[in-house]
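# Tertiary structure, described
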Amino acid sequence: MPKYHATVPAQGGAADISEDAQRRLRLAGAVAAVLLVWGASAWTAAHLHTDPALHTVALFLHLAALVVGFGAVLAIDYYGLLWMLGRRTLRQVVDFTAPLHVPVWGGLTGLVLSGVLLEPQLSSGLTQVKLGLVLLIALNGVYASTLHRRLEEYEGIRPPARLLARGAVSATVSQAGWWGAVLIGFYNTQH
């Protein structure tokens, strides 16, 4: 059962913000941060020109960030699959995947920052789709982090089917977004 806490008056008589309100505020802040970074990176990419040496370094960093971020995503989803097959408990999955959020976000941040230096052709339809996929991946990551925190609340009992279905949809969106962005990136380097 999820843990719910009653609102407790703070010192001075003012009521604390409820746990649900705090969760919504954190979610709104994370979404705003993602949108701000995404918009700033797209704007910067349109106005920045790099020399060939910096472009080469940025390409290496881009590939390294892809390995770190997407590798962690694949590990998380693999552990989720092991749970679905009955080979891991939900507690094992939640405990194993919790620290992997850092390399996922680190890799995604590295991809965005290095991608700015790769001078993407923003007028290209495929590049625009890729940028949309990157935004989708990041927003889904915020959502997945929220789902992870909710799953942590279910100690020893099966979460509701609706919550599990939301997790499956989030994992599917994540895989589609990452693979789509990788394929478009690969295609763009060949043409």
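These lines cover the structure that appears in this document, whether it is placed above or below. What you see is a predicted model, and the numbers here were worked out from it, not measured in a lab. (Residues numbered from 1 in each chain as written. Predicted model: local features only at pLDDT ≥ 70, side-chain atom pairs only at ≥ 80, totals over all residues. Heavy atoms only, no water.)

## As for the packing of aromatic side chains
The condition is simple: Two aromatic rings, drawn from Phe, Tyr or Trp (for Trp, its six-membered ring), form a pair once their centres lie within 6.5 Å of each other, and the interplanar angle then sorts them: stacked below 30 degrees, edge-to-face above 60, tilted otherwise. Counting from the N terminus, the helices are DSSP H or I runs at least four residues long and the strands are E runs at least two residues long. Per-residue accessibility, obtained with a 1.4 Å probe over protein chains only, is compared with the maximum for each type, and a residue is labelled buried under 20%, exposed over 50%, and partly exposed between these values.
Per the stated rule, a full pass over the model turns up three aromatic pairs. When the ring of F70 is compared with that of W178, the centres are 5.2 Å apart and the planes differ by 0 degrees; the resulting orientation is stacked. Of the two residues, F70 is situated in helix α2 (residues 52–84) and W178 in helix α6 (residues 161–190); the sequence distance between them amounts to 108 residues. Judged by centre distance (4.9 Å) and plane angle (80 degrees), the ring pair of F70 and W179 falls under edge-to-face. Taken together, the residues span a long stretch of sequence, with F70 in helix α2 and W179 in helix α6 at a distance of 109 residues. Of the residues examined, W179 reaches a relative accessible area of 43% and is grouped as partly exposed.

## Comments concerning helix α4 (residues 101–116)
Operational definition: By this rule the span expected of a helix is its residue count minus one, scaled by 1.5 Å. In what follows, residue pairs with any heavy atoms lying within 4.5 Å of each other are defined as contacts.
The end-to-end C-alpha distance of α4 is 23 Å, a good match for the 22 Å that 16 residues give at a rise of 1.5 Å each. Listing the buried residues of α4 in full gives H101, V104, G107, L108, L111, V112, S114, G115 and V116. Next to the buried residues of α4 lie α1 (19–47), α2, α3 (90–97), α5 (125–152) and α6.

## What about the side chain of S114?
The condition that has to hold: A 3.5 Å cut-off defines polar contacts: any pair of N or O atoms within that distance qualifies, except that in protein one atom must be a possible hydrogen donor and the other a possible acceptor, and neighbouring residues in sequence count only when both atoms are side-chain atoms.
Along the chain, S114 falls in helix α4. Within the structure, the side chain of S114 is placed 2.7 Å from the side chain of H62, a separation counted as a polar contact.

## Remarks on a nonpolar patch on the surface
Filter applied, for reference: Only residues above 30% relative accessible area that lack a salt bridge enter a patch, with like-charged residues linked at up to 9 Å and the nonpolar side chains Val, Leu, Ile, Met, Phe, Trp and Tyr linked at up to 5 Å. Using the Shrake-Rupley algorithm and a 1.4 Å probe, accessible areas are obtained, with residue cover drawn only from the displayed protein chains. Salt-bridge detection follows one rule: a side-chain nitrogen of Lys or Arg within 4 Å of a carboxyl oxygen of Asp or Glu.
Taken together, L54, V57, F60 and L61 make up a surface patch of nonpolar side chains, about 390 Å² in accessible area. The topology assignment puts V57 in helix α2.

## Details of the nonpolar core
Which entries qualify depends on this criterion: Buried residues of nine kinds, namely Ala, Val, Leu, Ile, Met, Phe, Trp, Tyr and Cys, make up a nonpolar core once their side-chain atoms join them within 4.5 Å.
The biggest cluster of nonpolar side chains holds 17 residues, and the ones touching the most others in it are V34, V73, V104, L108 and W178. Of all elements in the fold, only α2, α4 and α5 reach the threshold of two or more residues within this core. Ignoring sequence-local partners within four residues, the contact set of V73 consists of V104, S174, Q175 and W178.

## A look at the pattern of salt bridges
Under the criterion given, the structure shown has three salt bridges. A salt bridge links R23 to E153; the nearest nitrogen and oxygen atoms lie 3.5 Å apart. Highlighted residues: R23 in helix α1 and E153 in the loop between α5 and α6, separated in sequence by 130 residues. Between R91 and D95 there is a salt bridge, and its shortest N-O distance comes to 3.1 Å. Of the two residues, R91 and D95 are both situated in helix α3; the distance of four residues between them amounts to about one turn of the helix. Owing to a relative accessible area of 45%, D95 belongs among the partly exposed residues under this scheme.

## Description of the packing of α5 against α6
The axes of two packed helices give the description: the angle between them and the distance between them. The test is simple: For helices, the axis comes from a line fit to the C-alpha atoms of the stretch in contact; other axes are also lines fit to C-alpha atoms, and the angle between any two N-to-C directions lies between 0 and 180 degrees. Roughly parallel refers to an angle under 35 degrees, roughly antiparallel to one over 145, roughly perpendicular to one between 65 and 115, and oblique to any angle outside these ranges. Take the far helix as the reference: if the near one is turned anticlockwise from it by less than a right angle, the crossing is left-handed, and if turned clockwise, right-handed. Any residue outside Ala, Val, Leu, Ile, Met, Phe, Trp, Tyr, Cys, Pro, Asp, Glu, Lys and Arg is labelled polar, Gly included; the first ten of those are nonpolar and the last four are charged.
Between α5 and α6, whose axes approach to 8 Å, the crossing angle comes to 150 degrees. Considering their axes alone, α5 and α6 lie roughly antiparallel with respect to each other. Our pair here, α5 against α6, has a crossing hand that is left-handed. Across the contact of α5 with α6, the residue classes break down as 16 nonpolar, nine polar and three charged.

## Looking at α2
For α2, with 33 residues, the first-to-last C-alpha span of 47 Å sits near the 48 Å given by 1.5 Å per residue. A58, H62, A65, G69, F70, A72, V73, I76, Y79 and L82 are the residues of α2 that are buried. Against α3, α4, α5 and α6 lie the buried residues of α2. Positive phi shows up at G86, right after α2, with a value of about 80 degrees.

## Here's the deal with the environment of L111
Locating L111 in the fold gives a position in helix α4. Here L111 falls in the buried class, since its relative accessible area comes to 13%. In this structure, the C-alpha to C-alpha distance between L111 and G69, residues 42 residues apart in sequence, is 8.5 Å. With sequence-adjacent residues up to four places away left out, L111 is seen in contact with H62, A65, L66 and W178.

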